[in-house]
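# Geometric and topological summary
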Amino acid sequence: MCADVKTKELIKTTGEEENILDDPRVAHLFISGNEVVGARDLPGLQVEASEIEDGVDVKINLKEGVKIEKPVHMCFGVMPETGMQKIILKVNLCKDSRINILAHCTFPFAKDVKHVMDADITVGEGASYEYTERHIHSETGGVKVYPEARVYLKENATFRTNFELLKGRVGLIDIDYRTQCEKESTMEMTAKVDGKKGDIIKIRETGHLKGEGSTGVLTTRVALRDNATADVYNEIIAEKPYARGHVDCKEIVQDNARAKAVPVVEVKDPKAHVTHEAAIGSVDSKQLQTLMSRGLNEDEATDLIIKGILG
Amino acid sequence: MNNNKILQVKDLHLELNNTTIINSLNIELWEGSIHAIVGPNGAGKSSLANCIMGLEKYRKASGEILFKGKDITGLSVDERARMGITMAWQEPARYEGLTVEDFVKASLKKDRDIKPVLKRMGLDPDYYLKRAVDDTLSGGERKKVELASIMAGDAELIIMDEPDSGIDIESLNRIFEAVSYLRESGRTVVFITHSSAVLKQAEHAFLMCGGKVVDKGVTKKIIPYFEGKCLPCECKNEPYIGEAENVR
């Protein structure tokens, strides 16, 4: 199968329009298994991808002051029922640069697929990095995903991520994102996961607010049904004056599912401030009764409430 | 006035935590009319509303509730809603991430354009459709969204618990206009209120005190007593103490 066909095959599974890559202002990187099937650089944006035995080594470098106007599309996929994909990602955003990446991780037919992401990300002074990762999994539960990232934010840098695993069965996911934030930098990490049957969800996100005036928000939304389980560990440490942090975790639990949330907040300076909120349990009874008073049965009302929370 | 009874509550009795909340209560509501159940805080008005709507812990009330002649006493909230009863809460629920569009459309049996009902409530669809029904909306906006969802649906009996609670005068006037529209389209509305302003919008009123209906009739008859005696009364919810014992 030629690379172009494989690229289209990947796009098709993501639900995106096939012609998204026709625009020459849109940079992209498409990886199927351990093969780079499509890539486009832009002036100032350098994407190097080299195939390794069971995956791809990717280096992204954005030059000083370069602001990429349109979202960069990335797609990592394994189309066969079995396989292993390891992505080693190194991202370096130079001073005052800006990029917004929309990544799809697609394993639509997986019965036994392992996907490992190991990322080192440096966001330079005054630079901005936004990263949305959407997963599309098969309904078998045969996907194991291990995203790990170490993120370093220099002064006045911004880092925002939005991780979504809402389509198909989770299988097993084990997220580990760690951020270090220098002076006046901003970090926001959001994870939304919909678990069912025997899915296993592990989320560990930490924000170390090392710099004065740095801010961080960790938001987690998980819905669990059947026998799914979730362990969420969110940690923010604020060690300099005027550092501000917030941890917000909500997990909806139904049937025999089990959820655990561990919010850890630590403040090492009296002028720093960190808050947290965690709510675990069934859906709110007032929300449920209101929708049921419009004629929805309990299951329909619950689904609509969860759709809002994860949407 | 239509003489058809849309709702009959017969000898309703409710105890919660060993306290009598509603005591041998009887009311009748007429199709296509605006009613008010009025009384001081703690009179049992909202509990009565919850009993009519069928909220879980209120379904253990004894007595009978008939909707269009059918006994609905044992039915769940959604079963009653599908028969034609709905309710607007005193403090509308907030929903993280759920859009106004999805919330209002949840009331529809068939998909249809909801923009007209939003406009009727003074909510610009371009601005509100994709907004979440959460803390970013004011109390008045959420009340208007809630009423829009009721107007979009086909409910025949609409219970409105404290419609003036926590909102400004502009929002309240919108709600009153919407209630007039509902009445014109043949629907029945019942206000649960301790406000004279709301009471005055109704045609018929039931005065509650201490879990009982202590007077009923055309609103004009109820208003003077409610304003002159109930509002300043120091024996709230003890209807047979002092002057209140002569109310019947």
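Residues numbered from 1 in each chain as written. Chains lettered and ligands numbered in written order. Predicted model: local features only at pLDDT ≥ 70, side-chain atom pairs only at ≥ 80, totals over all residues. Heavy atoms only, no water.

### Examining the overall build of chain A
Inclusion rule: Numbered from the N terminus, helices here are DSSP runs of H or I no shorter than four residues, and strands are runs of E no shorter than two. A radius of gyration in this sense is built from C-alpha atoms; the matching globule rule multiplies 2.2 Å by the number of residues raised to 0.38. In this description, contact between two residues means that some pair of their heavy atoms is separated by no more than 4.5 Å. Accessible surface area values rest on a Shrake-Rupley calculation with a 1.4 Å probe, where residue burial reflects the displayed protein chains alone.
Scanning chain A for helices and strands turns up 3 helices and 19 strands. A globule of 311 residues ought to have a C-alpha radius of gyration of about 19 Å, and chain A, at 20 Å, matches this closely. For chain A, restricting intrachain contacts to residue pairs at least 6 apart in sequence, the fraction spanning at least 24 positions comes to 77%. Put simply, chain A shows about 12900 Å² of open surface, and 45% of that area lies on carbon and sulfur atoms.

### Digging into helix α7 (residues 169–184) of chain B
Residue and element names in this part refer to chain B. Stated precisely, the cut-off is as follows: Each residue after the first adds 1.5 Å to the expected span of a helix. Exposure is judged per residue with a 1.4 Å probe applied to protein chains only, and the accessible area is read against the type maximum: over 50% gives exposed, under 20% gives buried, and values in between give partly exposed. Each C-beta atom gives one direction from the helix axis, and the arc is the one those directions make. Polar contact is defined as a pair of N or O atoms within 3.5 Å, subject to the rule that within protein one atom must be able to donate a hydrogen and the other to accept it, and that residues adjacent in sequence are counted only when both atoms are side-chain atoms.
Compared with the 22 Å implied by 1.5 Å per residue over 16 residues, the 23 Å span of α7 between its first and last C-alpha is a close match. Of the residues making up α7, those classed as buried are Ser171, Leu172, Ile175, Phe176, Ala178, Val179 and Leu182. One side of α7 holds all its buried residues, which, seen down the axis, span an arc of 160 degrees. Exposed side chains of α7 directed beyond 90 degrees from the buried face belong to Ile169 and Glu184. Capping the start of α7, Asp168 holds a side-chain oxygen 3.3 Å from the backbone nitrogen of Glu170, two or three residues further along. Phi for Gly186, located one or two positions after α7, is positive at around 90 degrees.

### Some words on the environment of Val116(A)
Residues and elements named next belong to chain A. Tracing the chain through its elements places Val116 in strand β8 (residues 112–123). The class for Val116 is buried, based on a relative accessible area of 16%. A sequence separation of 61 residues divides Val116 from Gly55, and the C-alpha atoms of the two residues are 8.9 Å apart.

### Structural notes on empty space enclosed by the protein
Put simply, the rule reads: Grid points spaced at 1 Å over the protein atoms alone were grouped into cavities, where a 1.4 Å probe fits but cannot get out, and pockets, open sets with protein on both sides within 12 Å along at least five of seven lines, with lining residues defined by an atom within 4 Å of a point. Grid points are joined across faces, edges and corners, and a volume is the space filled by probe spheres set on the points. In this count, Pro and Cys sit with the nonpolar residues alongside Ala, Val, Leu, Ile, Met, Phe, Trp and Tyr, while Asp, Glu, Lys and Arg are called charged and the others, Gly among them, polar.
All told, the structure shown has 4 cavities of 30 Å³ or more when counted by the stated rule. In this structure, the largest cavity encloses a volume near 80 Å³. Taken together, 13 residues line the largest cavity, and the ones lying closest to its centre are Ala119(A), Ile121(A), Tyr131(A), Ala149(A) and Tyr177(A). Put simply, the parts of the chain that give the lining of the largest cavity at least two residues each are β8, β9 (128–137), β10 (143–153) and β11 (158–167) of chain A. Of the residues that constitute the lining of the largest cavity, the class distribution is 10 nonpolar, 1 polar and 2 charged. In terms of lining, the second largest cavity is formed by Ala88(B), Trp89(B), Lys143(B), Glu146(B), Leu147(B), Met160(B), Asp161(B), Pro163(B) and Ile175(B). Listing elements by their share of the lining of the second largest cavity, those giving two or more residues are α6 (139–152) and β7 (157–161) of chain B. At 3 residues, the largest contribution of residues to the lining of the second largest cavity is made by α6(B). Its residues assigned to classes, the lining of the second largest cavity comprises 6 nonpolar, no polar and 3 charged.

### Some details on the pairing of strand β15 (residues 215–224) of chain A
Residues and elements named next belong to chain A. Rule in force here: Any two strands are treated as partners once DSSP identifies two or more bridges connecting them.
Of all 10 residues making up β15, 8 are buried, and the element is well covered by its neighbours. Direction of pairing for strand β13 (residues 186–195) relative to β15: parallel, over a ladder of 10 bridges. Of the residues in β15, the one forming a bridge with Thr186 is Thr215. In this sheet, strand β17 (residues 244–253) lies alongside β15 in parallel orientation, the contact comprising 10 bridges. From the neighbouring strand, Thr220 faces β17, where its bridge partner is Cys249.

### Brief notes about the sheet that holds β7(B)
All names here are of chain B. The test is simple: Think of each axis as a best-fit line through the C-alpha atoms, taken over the contacting stretch in the case of a helix, with angles from 0 to 180 degrees between the N-to-C directions.
Pairing within the open sheet is mixed, and its 6 strands lie in the order β6-β7-β8-β3-β9-β10. For this open sheet the edge positions go to β6 (85–88) and β10 (212–218), each flanked by a neighbour on one side alone. Neighbour-to-neighbour, the strand axes of the sheet open up by a mean angle of 20 degrees, direction not taken into account. The pairing of β7 with strand β8 (residues 188–193) spans 5 bridges and is classified as parallel. The residue of β8 that forms the bridge with Met160 is Phe191. On top of the sheet, α6 reaches β6 and β7; it is set at about 170 degrees to β6, its chief contact. On top of the sheet, helix α9 (residues 219–230) reaches β3 (34–38), β9 (204–209) and β10; it is set at about 135 degrees to β10, its chief contact.

### What to know about the packing of α6(B) against α7(B)
All names here are of chain B. The cut-off we apply is this: Here is the rule for angles: anything less than 35 degrees is roughly parallel, anything more than 145 is roughly antiparallel, 65 through 115 is roughly perpendicular, and the remaining ranges are oblique.
Following both chains from N to C, one finds α6 and α7 inclined at 10 degrees, their axes separated by 10 Å at the closest point. With respect to each other, α6 and α7 are oriented roughly parallel. Contact residues: Gly140, Lys143, Lys144, Leu147 and Met151 in α6; Glu170, Ser171, Arg174, Ile175, Ala178, Tyr181 and Leu182 in α7. When grouped by side-chain class, the residues that make up the contact of α6 with α7 number 6 nonpolar, 2 polar and 4 charged.

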